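# Architecture and fold: a report
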Amino acid sequence: MALLVRKYGGTSVGTPERIRAVARHVVAAHRQGHALVVVVSAMGHATDELLALAAEVTGSERCGERHPREMDMLLTAGERISMALLTMAVRDLGAEALSFTGSQAAIITDSTHTAARIAEVRADRVREELERGRIVIVAGFQGVSREREITTLGRGGSDTTAVALAAALNADLCEIFTDVDGVYSADPRRVPGAGVIPEMSYGEMIEMAGAGAQVMHPRAVEVGARFGVEIRVCSSFSEPAAGRSTAAGTLITRTPRRMEDVALTGIASMRDHAKLVLRRLPPGLHTPTVLLEQLAAAGVSVDMISEAHEPDGRIQLQLTVAERTLDEARRICTEVIRSLGMGEAEEVIEAYPGLSRIALVGSGMHGMPGVYARAFRALLDADVPVHAVSTSSVSITVLVPAEREDAGLQALHRAFALELQAPEDLRGAKPAASAVGSAS
Ligand code: ADP
Ligand code: ASP
Ligand code: MG
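Throughout what follows, the structure given in this document is the object of discussion. For clarity, every value in this text was computed on a predicted model and none was experimentally measured. (Residues numbered from 1 in each chain as written. Chains lettered and ligands numbered in written order. Predicted model: local features only at pLDDT ≥ 70, side-chain atom pairs only at ≥ 80, totals over all residues. Heavy atoms only, no water.)

## With respect to a nonpolar patch on the surface
A contiguous nonpolar patch, built from Tyr372, Phe376, Val386 and Val389 and spanning about 310 Å² of accessible area, is present on the exposed surface. Of note, tyrosine 372 is situated in helix α12 (residues 371-381). With a relative accessible area of 38%, tyrosine 372 lands in the partly exposed category. (Patch = residues over 30% accessible without salt bridge, like charges linked within 9 Å, V, L, I, M, F, W, Y side chains within 5 Å. Areas by Shrake-Rupley, 256 points an atom, 1.4 Å probe, with all protein chains shown as cover. Salt bridge = Lys/Arg side-chain N within 4 Å of Asp/Glu carboxyl O. Helix = DSSP H or I, 4+ residues; strand = E, 2+ residues; numbered from the N terminus. Buried < 20%, exposed > 50% of the residue type's maximum accessible area, 1.4 Å probe, protein only.)

Pasting the structure below:
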């Protein structure tokens with residue numbers, strides 16, 4: 001029998017009926033003899049509603065910056081509600097269960113309110129209760145600092161709670177139950193042809209999550225990779241195939257079973273980017289360096305940089321930044337340009353807000369001839385303008401107008417359909433990992 005850590009996301013516990021359905025799911029696994037730790041998110045959009053309430057009371061969307069401690073006190077309430085309700089529903093089905101906040105489960109974090117990182121998971125009380133045969137239900141997304149302050153882990157952080165608990169308890173498997181059937185080659189709500197990826201490596205998932213695939217919190221996968229926790233992402237809505245207690249979904253593991261590495265893992269995107277174009281800067285590295293230093297000093301993170309030379313040797317610099325930092329970035333660039341005595345900053349700087357970042361993620365793309373040509377042809381034919389391009393060893397990224405983001409995702413997914421196809425022969429194949437076997 002296995003020790004399983006299961007996490008149910010907001011939609012999965014979004015209504016009283018859903019909470020009762022999750023309770024039945026959990027109790028069925030417990031009756032099969034598994035030891036269970038269940039991590040829950042806040043119900044539905046509860047976290048967004050609490051954020052909206054705080055904005056209304058304080059009159060500012062950015063109240064978290066002014067009141068970070070109180071924001072954490074507020075947001076942790078969302079997960080406390082679902083943990084208590086789920087525990088009641090489980091107990092009403094006749095199983096022994098109790099709930100713990102992150103602090104009671106001894107999830108110790110640093111003291112960065114609203115974006116804390118887990119330093120250590122002691123989980124002694126969780127272990128004691130498991131030994132008594134009880135189901136332990138833990139509020140996701142939260143912990144306690146060494147100064148005994150309540151902290152949260154950042155949006156989507158319940159995934160990280162689950163994987164960190166699985167690592168600390170040396171669980172056989174961490175199951176992330178969500179509202180889609182697994183990790184797809186692109187967001188299935190926006191790209192109709194996307195397919196479930198049966199198995200993938202931690203590295204591939206970290207890249208996909210970092211590029212915007214919301215289905216897993218990137219830090220959760222990093223913890224999984226560091227401690228070798230096998231993670232299965234699957235739906236809490238679909239019925240499992242005969243003989244299995246959970247749907248197959250996606251297994252995130254160290255060495256996915258495949259003959260060869262795939263060239264392309266998937267496509268992901270993020271909104272809220274912006275571009276600054278600075279024209280006719282003096283030749284040489286001095287001006288770009290001063291600009292970047294000033295932006296860094298103000299905490300503005302620059303995503304892509306490109307430089308082009310005009311015929312007279314002057315430089316054109318393109319920088320992309322998160323849209324929320326655009327005004328600050330523009331102000332800093334204006335100051336630097338004025339201080340260099342380069343004339344009117346308004347004539348030198350152009351700003352383009354409202355952009356989205358689409359990334360093709362995969363490790364073998366750079367050896368594949370014609371990847372750029374195919375990507376650009378697909379975007380051109382779909383009438384999706386490209387504002388900037390950047391590459392790394394595992395991705396190709398383009399910046400497009402936000403209103404063309406879905407069209408760009410769909411065009412690129414179609415263009416690379418063959419590479420993105422999930423190998424059918426792996427679907428429904430008997431899982432190799434013993435923990436998965438024992439969960440079925
Ligand atoms: P939960 O509340 O269960 O944590 P999330 O909303 O955080 O769920 O994540 C699930 C959502 O992630 C899906 O509904 C889907 O729209 C979105 N998503 C984005 N990219 C992907 C992808 N590549 N595969 C699966 N889902 C994705
Ligand atoms: N409730 C939190 C959020 O909405 C954490 C989570 O769901 O993972 O971001
Ligand atoms: Mg999530």
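Continuing now.
## Things to note about the site of ligand 2
In the vicinity of ligand 2, the contacting residues are Ser41, Ala42, Thr47, Glu79, Phe141, Arg155, Gly156, Gly157 and Ser158. In the model, a nitrogen atom of ligand 2 is placed 2.6 Å from a nitrogen or oxygen of the glutamate 79 side chain. Serine 158 is positioned such that a nitrogen or oxygen atom in its backbone is 3.0 Å from an oxygen atom of ligand 2. Here ligand 2 has 260 Å² of accessible area as a free molecule, and 86% of this is covered by the chains. Looking at the shell around ligand 2 residue by residue, the classes come out as two nonpolar, five polar and two charged. (Near = heavy atom within 4 Å. Polar contact = N/O pair within 3.5 Å; in protein donor to acceptor, adjacent residues only side chain to side chain. Nonpolar A, V, L, I, M, F, W, Y, C, P; charged D, E, K, R; others polar.)

## As for the packing of aromatic side chains
One pass over the structure, following the stated rule, counts one aromatic pair. For the cation-ring pair, arginine 18 lies above phenylalanine 237, with the distance from its terminal atom to the ring centre recorded as 3.9 Å. Its end group placed over the ring of tyrosine 352, lysine 275 keeps NZ or CZ at 4.9 Å from the ring centre. (Phe/Tyr/Trp six-rings, centres within 6.5 Å; stacked < 30°, edge-to-face > 60°. Lys NZ or Arg CZ within 6 Å of the ring centre and 35° of its normal.)

## So, the site of ligand 1
The environment of ligand 1 is formed by 17 residues, the closest being Thr178, Asp179, Tyr184, Asp187 and Arg189. Residue aspartate 187 places a side-chain N or O atom 2.9 Å away from an oxygen atom belonging to ligand 1. Tallied by class, residues from the shell around ligand 1 come to eight nonpolar, five polar and four charged.

## Some details on the environment of leucine 340
If you trace the backbone, leucine 340 turns up in the loop between α10 (326-339) and α11 (345-348). Residue classification places leucine 340 among the partly exposed residues on the basis of a relative accessible area of 33%.

## Focus: unusual backbone geometry
Positive phi outside glycine occurs at alanine 123, with the angle close to 55°. Along the polypeptide, alanine 123 turns up in the loop between β5 (118-121) and α5 (124-131). Although it is not a glycine, aspartate 383 sits at a positive phi angle of roughly 60°. Position of aspartate 383 relative to the elements: it lies in the loop between α12 and β17 (388-392). Of the residues examined, aspartate 383 reaches a relative accessible area of 59% and is grouped as exposed.

## So, the pairing of strand β12 (residues 250-253)
The two faces of a sheet get side chains in turn, since along a regular strand they alternate between them. Of the two faces of β12, the one carrying Thr250 and Ile252 and the one carrying Leu251 and Thr253 are both buried. In terms of strand pairing, strand β10 (residues 199-201) meets β12 through three bridges, oriented parallel. The residue bridging serine 201 from the neighbouring strand is threonine 253, located in β12. Note that strand β11 (residues 231-235) and β12 share three bridges and pair antiparallel. In the sheet register, arginine 232 faces β12, and the bridge partner there is leucine 251. (Pairing = 2+ DSSP bridges.)

## Looking at the sheet that holds strand β14 (residues 302-309)
Judged by pairing direction, the sheet is antiparallel, and its six strands sit side by side in the order β14-β15-β13-β16-β18-β17 without closing on themselves. Strands with a single pairing partner mark the edges of an open sheet, and in this sheet they are β14 and β17. Taken over all neighbouring pairs, the strand axes of this sheet differ in orientation by 30° on average, direction set aside. α10 contacts β13 (266-281), β15 (315-322) and β16 (349-361) of the sheet and is inclined by roughly 20° relative to β13. (Axes fitted to C-alpha atoms, helices over the stretch in contact; angles between N-to-C directions. Contact = heavy atoms within 4.5 Å.)

## Description of the sheet that holds β11
Taken in spatial order, the eight strands make up an open sheet running β3-β6-β2-β1-β9-β11-β12-β10, and their pairing is mixed. Among the strands making up the open sheet, the edge pair consists of β3 (97-100) and β10. In this sheet, adjacent strand axes meet at a mean angle of 20° when their direction is disregarded. In this sheet, strand β9 (residues 173-178) lies alongside strand β1 (residues 3-8) in parallel orientation, the contact comprising five bridges. Its bridge partner being in β9, valine 5 is matched across the sheet by cysteine 174.

## Some details on the packing of helix α7 (residues 202-210) against helix α8 (residues 218-227)
Put simply, α7 and α8 touch, their axes get as near as 8 Å, and they point 165° apart. By the angle between their axes, α7 is roughly antiparallel relative to α8. Between α7 and α8 lies a crossing of left-handed hand. Of the residues in α8, those touching α7 at Tyr202, Met205, Ile206, Ala209 and Gly210 are Pro218, Val221, Glu222, Gly224 and Ala225. (Parallel < 35°, antiparallel > 145°, perpendicular 65-115°, else oblique. Left-handed = near helix turned anticlockwise from the far one by under 90°.)

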